[in-house]
Amino acid sequence: MTSMSSSARPLLNRRLAEFGTTIFAEMSALAVTTGAINLGQGFPDTDGPEEVREAAVRALRDGRGNQYPPGPGVPELRAAVADHQRRRYGLSYDPDTEVLVTAGATEAIAAALLALLEPGDEVVALEPYYDSYAACVAMAGGTRVPVTLRPHEGAFRLDLDELRDAVTDRTRLLLLNTPHNPTGTVLTREELAAVAELAVERDLLVVTDEVYEHLVFDGAEHVPLATFPGMRERTVSIGSAGKTFSFTGWKVGWITAAPALLTAVRSAKQYLTYVSAGPFQYAVAEALALPDAYFTAYRQDMEAKRDLLATGLAEAGFGVYRPAGTYFVTTDIRPLGEGDGFAFCRSLPERAGVVAVPNAVFYDHREQGAPFVRFAFCKRTGVLEEAVRRLKTLAG
């Protein structure tokens, strides 16, 4: 086998050169090697509702979904998604022309950006942002333009003037995530109205990642951007079963959008996974039809876990931004005498037996995120109690 010469072109596409192994893989591996409690990666440590799991088993045994499902998704799930949007938000979508099932929200984001962007197009996204956003924009040849959420009075806030100033003649698309990972911010109705006015005024497309739609706390509300005037025809809305029903390994997500937008996204999606998760699609259709009591109990359980972890982190000496949504708490490590989130997270498993994630990986402006660290609270109560006990050793 001949070795590559030093002058040979790198193997990895240069658009992806800046993206190494994800921080989640690195930190989860660290949790395994040290035996630390993993509050880094956002996956639950218990399965979701038993009746939903049994629905998947039933579909497998009945031979539903064991072969390729239809390209747009099984009709039962598309109908369930449309019904969910109508029942929850008063949004009417045609299951046949305006709903597309994807391999989780991650594929939905990738397909949307690959379909809607051309090289040189600018994408305005709220920083910090989930790491796949940057990679998908890069793969599409776009240019990301971050608008930074900044701490203000105990929460991370969007500066609407900064958002407006970020839009140029090259801006094609706004990429919006609310409830927002990692900060836990939930954009208000007033903020969303301003975003909608900007999108209409500048004729922008919008991709909205709404996977934490059912996890909003303290009386906050999730309002889909597509409900605002002029937005339904320019918005690609993304949802996911993983976050709402605690079956993240099933990788079932969906898109709702006007027919022309959906057709464009489907054109890209068909060359990614083509289809996926056949039997699970039938199960998720049943999950979306669960009574409101399920969604209420799920939210209340997560809110109690948020309070447990946030209070414990504050007692351990962290600065804590109590989230209005998602299942993550962002903390400030400067009160602990620390300033480098990467170094802190790499040493935390040995120091306290807990794994977290440095928020700086979610920033283009790394220095803006340097002192912030994210913890997940989608874990069993006993696990969170033990993590809090360990973390309190940092306070001496």
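Along every chain, residues carry numbers that run from 1 in the direction the sequence is written. For this predicted model, a pLDDT threshold of at least 70 governs which residues receive local features, and a threshold of 80 or more governs which side-chain atom pairs are given and counted, while totals over whole chains, interfaces and linings are taken from all residues. Each side-chain value is derived from all of the structure's non-hydrogen atoms; neither hydrogens nor water enter the calculation.

- As annotated in an unreviewed UniProt entry, the protein carries the name Pyridoxal phosphate-dependent aminotransferase and is attributed to Streptomyces ardesiacus.
- The UniProt entry for the protein carries the following comment under Cofactor (unreviewed entry): "pyridoxal 5'-phosphate". UniProt positions are given in the numbering used here, feature names are shortened, and annotations may be inferred rather than shown by experiment.

**Things to note about a nonpolar patch on the surface**
In step 1: Residues form patches when they are more than 30% accessible in relative terms and have no salt bridge. Like charges link within 9 Å. Nonpolar side chains (Val, Leu, Ile, Met, Phe, Trp, Tyr) link within 5 Å. To be clear on the numbers: accessible area is Shrake-Rupley with a 1.4 Å probe, and residue cover counts the displayed protein chains and nothing else. For this document, the term salt bridge refers to a Lys or Arg side-chain nitrogen within 4 Å of an Asp or Glu carboxyl oxygen. Where nonpolar side chains cluster on the molecular surface, the patch consists of Leu114, Met139 and Leu272 and spans about 230 Å² of accessible area.
In step 2: Topologically, Met139 is positioned in helix α5 (residues 131-139).
In step 3: Partly exposed describes any residue whose relative accessible area lies between the buried limit of under 20% and the exposed limit of over 50%, with all areas from a 1.4 Å probe on protein chains only and scaled to the type maximum. The class of Met139 is partly exposed, set by a relative accessible area of 39%. Comment: elements are numbered from the N terminus, with helices defined as DSSP H or I runs of at least four residues and strands as E runs of at least two.

**Focus on helix α12 (residues 341-352)**
In step 1: Within α12 the residues assigned to the buried category are Gly341, Phe342, Phe344, Cys345, Leu348, Pro349 and Ala352.
In step 2: Contacts are assigned to residue pairs with any non-hydrogen atoms lying within 4.5 Å of each other. Elements in contact with the buried residues of α12: α1 (23-34), β13 (354-355), β14 (357-358), α13 (366-369), β15 (372-376) and α14 (381-391).
In step 3: Pairing of N or O atoms within 3.5 Å defines a polar contact, subject to two protein rules: one partner must be a possible hydrogen donor and the other a possible acceptor, and residues neighboring in sequence count only if both atoms are side-chain atoms. The distance from a side-chain oxygen at the start of α12 to the backbone nitrogen of Phe342 is 3.0 Å, and the residue carrying that oxygen is Asp340.
In step 4: Positive phi shows up at Gly353, right after α12, with a value of about 70 degrees.

**Structural notes on the pattern of salt bridges**
In step 1: This model, assessed by the stated rule, comprises 30 salt bridges.
In step 2: As a salt-bridge pair, Arg58 and Glu286 come within 2.3 Å of each other at their nearest N and O atoms. One end of the pair, Arg58, is in helix α2 (residues 50-61); the other, Glu286, is in helix α10 (residues 278-288), with 228 residues separating them in the sequence.
In step 3: Put simply, Glu386 and Arg390 hold a salt bridge, and the shortest N to O gap is 2.9 Å. Taken together, the residues span about one helical turn, with Glu386 and Arg390 both in helix α14 at a distance of four residues.
In step 4: Judged by relative accessible area, Arg390 falls into the partly exposed class, the value being 23%.
In step 5: Several salt bridges converge on common partners, so that one network encompasses Asp218, Glu303, Arg306, Asp307 and Arg322.

**Description of the environment of Lys392**
In step 1: The residue Lys392 is located in the segment after α14 in this model.
In step 2: Between the C-alpha atoms of Lys392 and Arg374, which are 18 residues apart in sequence, the distance is 16 Å.
In step 3: In this structure Lys392 touches Gly312, Glu315 and Ala316, once residues within four positions along its chain are discounted.

**Brief notes about the packing of helix α3 (residues 75-89) against α10**
To describe two helices that pack against each other, one gives the angle between their axes and the distance between the axes.
In step 1: Whenever a helix is involved, its axis is fitted only over the stretch in contact; in every case the axis is a line through C-alpha atoms, and angles between N-to-C directions fall within 0 to 180 degrees. For the pair α3 and α10, the least separation of the axes is 8 Å and the interaxial angle reads 25 degrees. Considered as vectors, α3 and α10 are oriented roughly parallel to each other. Note that α3 runs across α10; the crossing there is left-handed. Between α3, through Glu76, Leu77, Ala80, Val81, His84 and Arg87, and α10, the contact on the second element is made entirely by Gln281, Tyr282, Val284, Ala285 and Leu288.
In step 2: Under the scheme applied here, ten amino acids are nonpolar (Ala, Val, Leu, Ile, Met, Phe, Trp, Tyr, Cys and Pro), four are charged (Asp, Glu, Lys and Arg), and all others, including Gly, are polar. Residue composition of the contact of α3 with α10, by class: seven nonpolar, two polar and two charged. Comment on the angle field: the value is read as roughly parallel under 35 degrees, roughly antiparallel over 145, roughly perpendicular from 65 to 115, and oblique elsewhere. Crossings are sorted by hand: turned counterclockwise from the far helix by less than a right angle, the near helix makes the crossing left-handed, and turned clockwise it makes it right-handed.

**Looking at the layout of surface pockets**
In step 1: Lining residues are defined by having an atom within 4 Å of a point belonging to a cavity or pocket. Those points lie on a 1 Å grid over the protein atoms alone, cavities being sets where a 1.4 Å probe fits but cannot get out and pockets being open sets with protein on both sides within 12 Å along at least five of seven lines. Grid points are joined across faces, edges and corners, and a volume is the space filled by probe spheres set on the points. Of the pockets and cavities examined, the largest pocket occupies roughly 1000 Å³.
In step 2: Contributing to the lining of the largest pocket are 46 residues, with Thr22, Phe24, Tyr130, Asp131 and Ser132 lying nearest its centre.
In step 3: Secondary-structure elements contributing two or more residues to the lining of the largest pocket are α1, α4 (104-116), α5, α8 (241-245) and α12.
In step 4: The dominant element in the lining of the largest pocket, judged by the number of residues it contributes, is α5, at seven residues.
In step 5: Along the lines of polarity and charge, the residues of the lining of the largest pocket split into 22 nonpolar, 13 polar and eleven charged.
In step 6: Estimates place the volume of the second largest pocket at around 150 Å³.
In step 7: Along the wall of the second largest pocket there are 15 residues; nearest its centre are Thr46, Ser246, Tyr298, Asp301 and Met302.

**Some details on the sheet that holds strand β2 (residues 99-102)**
In step 1: Across the sheet, which stays open at both edges, the seven strands sit in the order β2-β10-β9-β8-β7-β3-β4 with mixed pairing between neighbours. The open sheet has two edge strands, β2 and β4 (143-148), and neither has a second partner. Recorded for the sheet is a direction-independent mean angle of 20 degrees between the axes of neighbouring strands.
In step 2: Relative to β4, strand β3 (residues 122-127) runs parallel, the two being bridged by six bridges. Its bridge partner being in β4, Val123 is matched across the sheet by Arg144. Whether two strands pair depends on DSSP finding at least two bridges between them.

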